[in-house]
Amino acid sequence: MSEEIKNKFTPKKFVKNPIKVTKCTLMISSAKGGVGKSTFAVNLAFALQNIGKKVGILDADIYGPSVPRMMGISGRPKANESKKLIPLENYNIKCMSIGFLVDVDTPTIWRGPMVMKALEQMFNGVEWGNLDYLIIDLPPGTGDAQLSLAQNSKLTGSIIISTPQDVALIDARKGINMFKKVEVPVLGIVENMSYFVCNNCSERHEIFSNGGAKKEASKFGMDFLGELPLETNLRIQSDKGHPICISMPESKIAKSYMAIAKQVHNNINK
């Protein structure tokens, strides 16, 4: 990371409702790694764009930023005259990530205070412009990053991503209860990797069980936003930096993302 960028991470407190030009700010959370949260965040952003919304995405996973790869973006953000960072763009979606500021193979070996300074800069110190939605891809867990963003910024709500099996749902419950404690509405739960359709036999296989997230949504009295399959093309397009909602908009999974985006948008604007 350059000294110029590093020096921008000066100690500051989060400002309540700092991004006044953003109509809706959504946190995408799992409280657990490896359930496809970042893939969901990126494709939700494109699905919202496909229904006519201006969207930005903030990759808040300081230790494992994957959004730049999935968005097909590389480069270093520059600062404008107001000393705010200008987000990088691809497919007309604005993006900010610590992955733009450190080398791809360099680990982010930072303690909590440095992490919070970086998050503050990427949240408050970016020239986002006029957005309908800012999607925040949270890191796993329920620690400092989640709490600081939740407690000190005006959020529209959160979406919980989980796979169907009990091991993942244990952490999903923790995420739901965290958002309840900090009074951030949970807009619903998505069941990711819900099933796999075999290319050879065309049969549906429920590798990680099925329906667990829907049961949790019912238990907590919140919306079940839908189930998404394990999909080979989703993995291929994500690795290439071609989100499936852009590269294969007529695919079944892209249409599932579209349905979720419409449901979220409609629920927010009731």
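Everything that follows concerns the structure shown earlier in this document.
Small disclaimer: the values here were computed from a predicted structure and weren't measured.

### Here we look at the pairing of strand β7 (residues 186-191)
The buried fraction of β7 amounts to six of the six residues, a majority that puts the element mostly inside the structure. Where strand β6 (residues 157-162) and β7 come together, five bridges link them in parallel fashion. Looking at the pairing, I161 lines up with V190 of β7. Taken together, β6, helix α6 (residues 166-181) and β7 form a β-α-β motif whose crossover is right-handed. As paired strands, β7 and strand β10 (residues 224-227) are joined by three bridges and run parallel to one another. By the bridge assignment for β10, E191 is matched with E227.

### A short note on the sheet that holds strand β2 (residues 55-59)
Spatial ordering of the open sheet is given by β3-β4-β2-β5-β1-β6-β7-β10, a layout of eight strands whose pairing is mixed. What marks the edges here is a single partner per strand, and that holds for β3 (88-90) and β10. Each strand of the sheet is rotated relative to its neighbour by a mean of 25°, with strand direction disregarded. Packing of helix α4 (residues 112-124) onto the sheet brings it into contact with β2, β4 (93-97) and β5 (131-137), and relative to β2 it is tilted by some 175°. Strands in contact with α6 are β1 (22-29), β6 and β7; relative to β6, the strand with the most contacts, it is inclined by about 170°.

### Quick look at the packing of aromatic side chains
Given two aromatic rings, one states the distance between the centres and the angle between the planes to describe the pair. Applying the stated criterion across every chain yields a total of two aromatic pairs. An angle of 40° between the planes, with centres 5.8 Å apart, marks the rings of F40 and Y257 as tilted. Taken together, the positions of F40 in helix α2 (residues 37-50) and Y257 in helix α10 (residues 252-268) put the pair 217 residues apart, joining distant regions of the chain. Like F40, the residue Y257 is buried in the burial classification. The cationic tip of R204 hangs over the ring face of Y195; the distance from NZ or CZ to the ring centre is 3.9 Å.

### Overview of the pattern of salt bridges
Between side chains of opposite charge, a pair can form when the charged atoms approach closely. Scanning all chains against the criterion turns up 10 salt bridges. Between D171 and K32 there is a salt bridge, and its shortest N-O distance comes to 3.8 Å. Highlighted residues: D171 in helix α6 and K32 in the loop between β1 and α2, separated in sequence by 139 residues. A salt bridge links R204 to E227, with the nearest nitrogen and oxygen atoms 3.3 Å apart. Note that R204 is positioned in strand β9 (residues 204-205) and E227 in strand β10, a separation of 23 residues in sequence. The partly exposed category is assigned to R204, whose relative accessible area is 38%. Here E227 falls in the partly exposed class, since its relative accessible area comes to 28%. Taken together, the shared-partner salt bridges connect K32, D171 and K174 into one network.

### Points about the nonpolar core
Most often, soluble globular proteins have nonpolar side chains that are buried together. In terms of nonpolar packing, the biggest core is built from 80 residues, with F40, I57, M71, I135, I136, I159 and F179 touching the most fellow members. No other element matches α2, which puts eight residues into this core. Non-local contacts of M71, meaning those with residues more than four positions away in its chain, are made with V42, F46, I57, N90, Y91, I93, C95 and G241.

### Some details on the environment of A31
Relative to the assigned elements, A31 resides in the loop between β1 and α2. Expressed as a C-alpha distance, the spacing of A31 and I170, which sit 139 residues apart in the sequence, is 9.2 Å. Residues within four places of A31 in sequence aside, it is in contact with P140, G141, T142, D171 and G175.

### A word on unusual backbone geometry
Negative phi values dominate among residues other than glycine, just as trans dominates among peptide bonds. One non-glycine residue, Y91, adopts positive backbone phi at about 55°. Along the chain, Y91 turns up in the loop between β3 and β4. A relative accessible area of 27% places Y91 in the partly exposed class. Unusually for a residue other than glycine, E183 sits at a positive phi of about 60°. By the secondary structure assignment, E183 is in the loop between α6 and β7. On the basis of relative accessible area, E183 is assigned to the exposed category, the value being 71%.

What counts, and where the lines are drawn
- Residues numbered from 1 in each chain as written.
- Predicted model: local features only at pLDDT ≥ 70, side-chain atom pairs only at ≥ 80, totals over all residues.
- Heavy atoms only, no water.
- Buried < 20%, exposed > 50% of the residue type's maximum accessible area, 1.4 Å probe, protein only.
- Helix = DSSP H or I, 4+ residues; strand = E, 2+ residues; numbered from the N terminus.
- Pairing = 2+ DSSP bridges.
- Right-handed = clockwise from strand over helix to strand, strands pointing away.
- Axes fitted to C-alpha atoms, helices over the stretch in contact; angles between N-to-C directions.
- Contact = heavy atoms within 4.5 Å.
- Phe/Tyr/Trp six-rings, centres within 6.5 Å; stacked < 30°, edge-to-face > 60°.
- Lys NZ or Arg CZ within 6 Å of the ring centre and 35° of its normal.
- Salt bridge = Lys/Arg side-chain N within 4 Å of Asp/Glu carboxyl O.
- Core = buried A, V, L, I, M, F, W, Y, C linked by side-chain atoms within 4.5 Å.

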